[in-house]
Structures are given as structure tokens and as C-alpha cells.
Amino acid sequence: PPAPLGFTDVNLNSRNTYEVSRRRSAPEHLPHGGTGTAPAEPAPPPQEAAEKARHRLGIAGAGSSFAEFFTRNFFTKRTKELKPAVQSAPGWKLFGKVPPRENLPKDSKIIQQEYEARTGRMYKPPPSSARRKNIEFEPLSTTALILEDRPANLPAKSVEEALRHRQEYDEMVAEAKKREIKEAHKRKKIMRERFKQEENIASAMVIWVNEILPNWEGMRATRRVRELWWQGLPPSVRGKVWSLAVGNELNITPELYEIFLSRAKERWKSFSETGSENDIEDAGASVADREASLELIKLDISRTFPSLYIFQKGGPYHDLLHSVLGAYTCYRPDVGYVQGMSFIAAVLILNLEEADAFIAFANLLNKPCQLAFFRVDHSMMLKYFAAFEVFFEENLPKLFLHFKSYSLTPDIYLIDWIFTLYSKSLPLDLACRVWDVFCRDGEEFLFRTGLGILRLYEDILLQMDFIHIAQFLTKLPEDITSEKLFSCIAAIQMQNSNKKWAQVFASLMKDNKEGDKNHSPAPKT
């Protein structure tokens with residue numbers, strides 16, 4: 001009789017699958033006595049496999065139709081080969097993880113084709129050799145990145161976008177060219193002015209050395225010398241001219257300087273050795289004693305021209321400045337040391353020898369204006385402020401009323417300027433030029449310089465309030481130039497109702513004396 005319907009595989013449940021796989025991998029299928037790979041033994045016929053499965057599960061033979069029905073496979077199954085699952089890393093969302101993406105990232109060409117099919121635009125980027133052809137100027141920055149193509153995984157640029165980027169790049173390059181050309185012209189102009197200034201200084205130095213200095217007394221008041229003086233003194237003769245202009249009314253000699261210097265060194269030595277509490281208490285007993293102390297000099301020297309690093313401890317001029325200030329403290333104990341003196345002494349040290357700097361320093365501080373300020377003579381200081389306001393109102397009426405509306409008095413900004421003779425407020429080279437004309441014209445030029453500064457920044461100051469004006473005038477801009485400042489100073493007229501500075505100040509002094517007489521008590525009878 002014909003054989004019953006056969007089965008290629010038995011897959012009743014997981015146990016059957018396990019048994020079949022175990023049998024296929026059993027050792028008895030391997031050839032005896034050999035190692036290595038050998039052809040697998042052929043599988044038994046389907047009928048025999050089905051019978052063995054029925055016997056193992058306790059199912060009856062061929063007559064059991066229900067069992068045959070449930071164990072029958074109508075379609076042949078093939079065992080799928082297990083492949084390692086390739087999954088991308090899971091993403092993240094606000095609550096929990098995003099399931100991993102099964103789709104692999106698309107190729108850049110496919111993305112570009114989809115983009116072109118969606119937009120209907122075809123774009124062929126120009127070759128790299130033609131993209132930056134004939135570019136004379138290439139900025140050293142990321143400016144040229146706008147011409148680069150997008151990465152391969154992004155849609156390519158359209159024709160309109162590429163043209164727009166090219167136009168923007170050309171505009172940026174043109175602006176950079178203009179800026180570079182402007183800066184180059186500015187540098188050339190500065191260099192030309194510097195060369196011209198050096199030539200003028202060299203020619204002026206010859207005139208000062210050969211003609212003016214040998215005949216100082218006869219030529220100092222001539223118009224030609226005053227004009228040369230206004231233009232600024234050559235650095236090589238500046239110290240000599242300052243010494244001659246300031247004079248030596250106190251008749252100080254280098255030997256006298258050495259005497260007071262040795263006295264100051266003895267005080268330093270005793271102060272450092274004893275360091276007694278009495279000295280410290282005396283130094284802090286009053287403002288005058290504290291400012292006259294030698295310890296205050298040490299503290300103030302480190303704050304003198306800090307950007308130069310030559311007056312700080314360890315610098316080449318630290319001990320020199322210390323000596324000049326210490327000797328003056330012993331020479332004028334009635335004045336002592338006042339903060340701001342270190343700047344004046346430092347400027348003199350930069351232009352004169354040590355003994356000559358001390359002589360000029362002592363005589364300069366003996367002038368009426370400096371003596372009134374450094375001795376803090378309030379009545380005299382008020383006279384100077386009143387005279388300043390007379391010419392302030394005459395030359396700058398709008399700014400004068402603006403200051404008056406905020407009750408901004410001259411002492412707020414003038415004290416610092418006068419105490420240091422502008423050496424702290426202005427750049428050093430500009431301050432030296434102010435000193436040049438100050439030695440020529442005297443105290444009048446100090447107040448004229450103050451009016452010149454106010455005139456230079458008048459438009460800015462008119463837009464400020466009290467606090468901003470005080471802050472601005474306390475720390476002036478660093479980019480101030482001598483040409484601009486001296487042109488404003490030249491525009492200031494130091495004349496009021498046909499009265500010059502000295503006459504206005506003398507009238508204020510006279511009025512003050514008459515007021516004192518009127519307020520004085522009547523004599524007893």
C-alpha cells in the first residue's frame with residue numbers, strides 16, 4: 001500500500017523543536033574516530049520521523065486521525081537563520097526614551113535627489129577652482145565660509161542662494177578693503193606727523209642750544225622764543241629750560257640737598273628699627289601729621305605713574321623719588337608731604353638730575369598758587385576758584401550755566417588738576433608740554449589749561465548730569481592729543497572787561513581784605 005502522508009519537520013511545540021535540534025547536533029551523527037568537519041548524516045525519511053515523534057508524545061499510530069490532524073503541517077517551514085540585530089541607539093524625548101530608529105540614514109545623494117524632485121530645481125555647483133578665482137583680498141577670518149558648499153548630508157544650495165552668498169561675500173570683502181585702506185592712511189598720516197614733529201624738534205633743539213640758552217636773559221621774553229616755547233620744548237633741553245624758568249629764589253645748593261637727605265635717611269632708619277607705637281600714633285594723630293609722615297611717602301610712590309613701572313619698588317627711579325620727597329619733608333616740615341607731590345617730583349626726575357630736580361621741586365612748590373593748595377589754605381583756594389569762574393563764564397557761558405544748574409563747583413575737578421599739575425590727569429608727553437608753557441606763563445596757564453579741557457569736551461559735558469560730569473573730569477579720556485587740546489587752549493581768552501588774570505585775582509584779594517575790615521570788631525574805648 002502507498003505510504004502515508006509524510007512530514008518534513010515536526011514542530012508541535014518548543015520541546016519538539018528542542019528535541020529535533022538536539023538530535024541533529026548529537027555526537028552520534030559525527031563520524032567515529034575523526035576530528036574536524038565531516039558531512040552530516042542524512043536525515044531520516046519523513047515517515048520515520050513522524051512515527052518517532054508520535055511514539056515520544058504517547059500518541060497512537062496511523063489510526064488516530066485526530067492526532068494526525070493536529071500534528072499535520074500544511075506548509076513546509078524552514079528554520080530562519082539568526083542574524084545579529086542592528087539597532088541604532090535610542091533617542092530621547094521629554095518623558096522616556098524614543099524607540100530606536102529602524103531606518104538607516106539616507107545617503108547624501110538620495111537626499112539631494114529627493115530635494116530636487118520636490119522643488120523641481122537642478123543645481124550643479126561650480127568647480128572649486130572657479131569658485132575663488134580672481135580674489136585679490138582674502139580676509140583672515142571665517143568670512144569666506146559663506147562661499148563653501150553645504151555638507152553632503154544637507155540639501156545643496158540653489159542658484160539664487162549661491163548668487164546671494166556671493167554678493168554678500170563681495171560686500172564684506174569690499175568693506176574690509178575700505179577699512180584696511182582707511183587704517184593704512186591713518187597710520188601713514190601719523191607717521192608723517194611724527195617725522196615732521198621730529199624734524200621740528202631737531203631744528204628747534206639747534207636754536208635752543210646755540211642761540212637761546214647762551215643768551216637766556218636777553219631772549220627769553222622775545223616773541224620768537226615765546227612762539228617756540230608754545231610749540232613745545234625739545235626733550236634734550238626741557239629740564240634746563242624748566243630750571244631756568246622756575247629759578248632758585250630759595251638759594252638751595254646741592255650740598256644743602258645732601259644734608260636734608262641724610263637727615264631723612266636717619267629718620268627712615270630710626271623708624272624701621274624702633275617702629276615704636278608713639279611714632280605710629282603721632283603719624284595718625286592728625287591729617288597734617290599723617291601726610292607728613294615718611295611712611296605715607298612709601299605708600300604713595302608705588303601709585304606714581306604705575307603704567308611706567310619705573311617708580312615702583314625695584315624700579316630704577318624708586319629710590320631716587322623716595323630721596324627727593326624725603327629730603328623735602330625734612331626741608332619744609334611746615335608743609336610736609338601731601339599726596340600729589342610724588343607726581344610733580346617724578347616728572348622733574350625724568351628731566352633733571354637728582355639735586356637739580358630737588359631744587360626745582362622746592363622752588364616750584366614755593367610759588368603762591370602751589371603753596372596755597374599744598375598748605376590747604378582755604379581762603380586762597382577760594383580766591384583762585386572765583387577767578388577761574390570769572391573766565392569760565394566769559395569763555396564758555398552755556399557750559400557755565402549747565403554747571404551752575406547742578407551746583408557743580410570748580411573744586412570738584414580743579415583740585416586734582418592743580419595738585420599734580422595735570423601730570424596725573426593727562427598723558428605724560430602732553431603733561432610735559434603743559435609744563436613747558438606753565439613755566440613760561442606761570443599759574444595763569446594752569447587755569448587756562450583747565451578751561452581748554454572744558455572747551456574740548458563741551459558738547460559731551462552739556463549732555464551729562466552731576467555724577468557723570470564729576471566722573472568724566474576726574475578721569476579724562478586717554479586718546480586726547482596735544483594738537484586738539486592746545487588749539488582749544490589757544491581759543492581761551494584770559495581777559496575779562498579789559499582785565500587780565502593777575503588783575504582779576506588782585507581785585508578779588510582786595511575785595512576780600514575790605515570785607516575782612518568791615519567785619520572786624522570795633523576797637524574798645
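Please read these numbers as outputs of a predicted model, since none were measured by experiment. (Residues numbered from 1 in each chain as written. Predicted model: local features only at pLDDT ≥ 70, side-chain atom pairs only at ≥ 80, totals over all residues. Heavy atoms only, no water.)

**Here we look at the overall build of the protein**
Argument step 1. Counting its secondary structure elements, the protein contains 26 helices and four strands.
Argument step 2. The burial tally for the protein puts 34% of its 525 residues in the buried class.
Argument step 3. Of the contacts made within the protein by residues no fewer than 6 positions apart, 69% connect residues no fewer than 24 positions apart.
Argument step 4. On the protein, roughly 34,300 Å² of surface is accessible, and the fraction owed to carbon and sulfur atoms is 55%. (Helix = DSSP H or I, 4+ residues; strand = E, 2+ residues; numbered from the N terminus. Buried < 20%, exposed > 50% of the residue type's maximum accessible area, 1.4 Å probe, protein only. Contact = heavy atoms within 4.5 Å. Areas by Shrake-Rupley, 256 points an atom, 1.4 Å probe, with all protein chains shown as cover.)

**What about the packing of aromatic side chains?**
Argument step 1. Scanning the entire structure with this criterion turns up 32 aromatic pairs.
Argument step 2. Both rings, one in Trp-208 and one in Trp-229, keep their centres 6.0 Å apart while their planes meet at 85°; by these two values the pair is edge-to-face. Residue Trp-208 is found in helix 6 (residues 159-212), and its partner Trp-229 is found in helix 8 (residues 223-230); the two are separated by 21 residues along the sequence. Across the pair, Trp-229 and Trp-208 agree in class, each one buried.
Argument step 3. Plain terms: the ring middles of Trp-242 and Trp-435 are 5.2 Å apart, the flat faces sit at 40° to each other, and that makes the pair tilted. A residue pair is termed long-range when its members are at least 10 positions apart, and Trp-242 in helix 9 (residues 235-246) and Trp-435 in helix 21 (residues 428-441) qualify at 193 residues. The same class applies to Trp-242 as to Trp-435, namely buried. (Phe/Tyr/Trp six-rings, centres within 6.5 Å; stacked < 30°, edge-to-face > 60°.)

**Re the packing of helix 18 (residues 378-395) against helix 20 (residues 411-420)**
When two helices pack together, their arrangement is given by the angle between their axes and by how far apart the axes lie.
Argument step 1. Two elements in contact, helix 18 and helix 20, have axes separated by 11 Å at closest approach and are oriented at 110°. Relative to helix 20, the element helix 18 is oriented roughly perpendicular. Helix 18 and helix 20 meet at a crossing whose hand is right-handed. Residues Met-381, Phe-385, Phe-388 and Phe-392 of helix 18 form the contact with helix 20, whose participating residues are Asp-411, Tyr-413, Leu-414 and Ile-415. (Axes fitted to C-alpha atoms, helices over the stretch in contact; angles between N-to-C directions. Parallel < 35°, antiparallel > 145°, perpendicular 65-115°, else oblique. Left-handed = near helix turned anticlockwise from the far one by under 90°.)

**Brief notes about the pattern of salt bridges**
Argument step 1. This structure, assessed with the given rule, holds eleven salt bridges.
Argument step 2. The salt bridge involving Arg-164 is made with Glu-168; its shortest N-O contact spans 4.0 Å. Taken together, the residues span about one helical turn, with Arg-164 and Glu-168 both in helix 6 at a distance of four residues.
Argument step 3. Between Arg-187 and Glu-180 there is a salt bridge, with the nearest N and O atoms lying 3.8 Å from each other.
Argument step 4. Within this structure, Arg-226, Arg-440 and Asp-441 form a network of salt bridges that share partners. (Salt bridge = Lys/Arg side-chain N within 4 Å of Asp/Glu carboxyl O.)

**Some remarks on the confidence of the model for the protein**
Argument step 1. For the protein, mean pLDDT is 78; residues scoring 70 or higher make up 67% of the total.
Argument step 2. Long-range and interchain partners of residues 276-288, a stretch whose pLDDT sits below 50, account for seven contacts in this model, where long-range means more than four residues apart.
Argument step 3. In the predicted structure, residues 519-525 sits below a pLDDT of 50 and forms zero contacts with residues beyond four places in sequence or in another chain. (pLDDT = per-residue confidence, 0-100.)

**What about helix 24 (residues 466-474)?**
Argument step 1. When we look at burial in helix 24, the residues that qualify are Ile-469, Ala-470, Phe-472 and Leu-473. Projected down its long axis, helix 24 shows its buried positions confined to an angular sector of 165°, all on one face. Across from the buried face of helix 24, at angles greater than 90 degrees, the exposed residues are Ile-467 and Gln-471.
Argument step 2. Among the structural elements, helix 19 (397-405), helix 20, helix 22 (443-456) and helix 23 (458-461) are those in contact with the buried residues of helix 24. (Arc of directions from axis to C-beta.)

**Comments concerning the environment of Ile-297**
Argument step 1. Among the secondary structure elements, Ile-297 is positioned in helix 13 (residues 294-301).
Argument step 2. When the C-alpha atoms of Ile-297 and Val-338 are compared, they prove to be 8.8 Å apart, with 41 residues separating the residues in sequence.

**Things to note about the packing of helix 21 against helix 25 (residues 482-491)**
Argument step 1. Two elements in contact, helix 21 and helix 25, have axes separated by 10 Å at closest approach and are oriented at 30°. By the angle class used here, helix 21 and helix 25 are roughly parallel. The way helix 21 lies across helix 25 gives a crossing that is right-handed. Two secondary-structure elements touch here, helix 21 through Leu-430, Arg-433, Val-434 and Val-437 and helix 25 through Ser-482, Leu-485 and Phe-486.
Argument step 2. Residues belonging to the contact of helix 21 with helix 25 are distributed by class as follows: five nonpolar, one polar and one charged. (Nonpolar A, V, L, I, M, F, W, Y, C, P; charged D, E, K, R; others polar.)

**Topic: the side chain of Glu-458**
Argument step 1. Looking at where Glu-458 falls in the secondary structure, it is placed in helix 23.
Argument step 2. In this structure Glu-458 is buried but unpaired, with Arg-455 as the nearest side chain of opposite charge at 5.5 Å.
Argument step 3. Among all residues touching Glu-458, those that are not within four sequence positions of it are Leu-396, Lys-398 and Leu-399. (Lys, Arg positive; Asp, Glu negative; His and termini not counted.)

**Some remarks on the nonpolar core**
The nonpolar side chains of a soluble globular protein tend to be buried, and buried together.
Argument step 1. Core analysis: the biggest nonpolar cluster contains 111 residues, and Trp-208 and Leu-454 have the highest contact counts within it.
Argument step 2. Non-local contacts of Leu-454, meaning those with residues more than four positions away in its chain, are made with Phe-388, Phe-392, Leu-396, Leu-399, Phe-403, Tyr-413, Leu-461 and Leu-473. (Core = buried A, V, L, I, M, F, W, Y, C linked by side-chain atoms within 4.5 Å.)

**Some details on a nonpolar patch on the surface**
Argument step 1. A cluster of nonpolar residues, Tyr-406, Ile-412, Phe-466 and Ile-467, forms a patch on the protein surface that exposes about 340 Å² of accessible area.
Argument step 2. Within the fold, Ile-412 resides in helix 20.
Argument step 3. For Ile-412, a relative accessible area of 33% puts it in the partly exposed group. (Patch = residues over 30% accessible without salt bridge, like charges linked within 9 Å, V, L, I, M, F, W, Y side chains within 5 Å.)

**As for unusual backbone geometry**
Argument step 1. Phi is positive for Val-376, close to 55°, though the residue is something other than glycine.
Argument step 2. Among the secondary structure elements, Val-376 is positioned in the loop between helix 17 (368-374) and helix 18.
Argument step 3. Phi at Tyr-422 takes a positive value of approximately 65°, unusual for a residue other than glycine.
Argument step 4. Looking at the secondary structure, you find Tyr-422 in the loop between helix 20 and helix 21.

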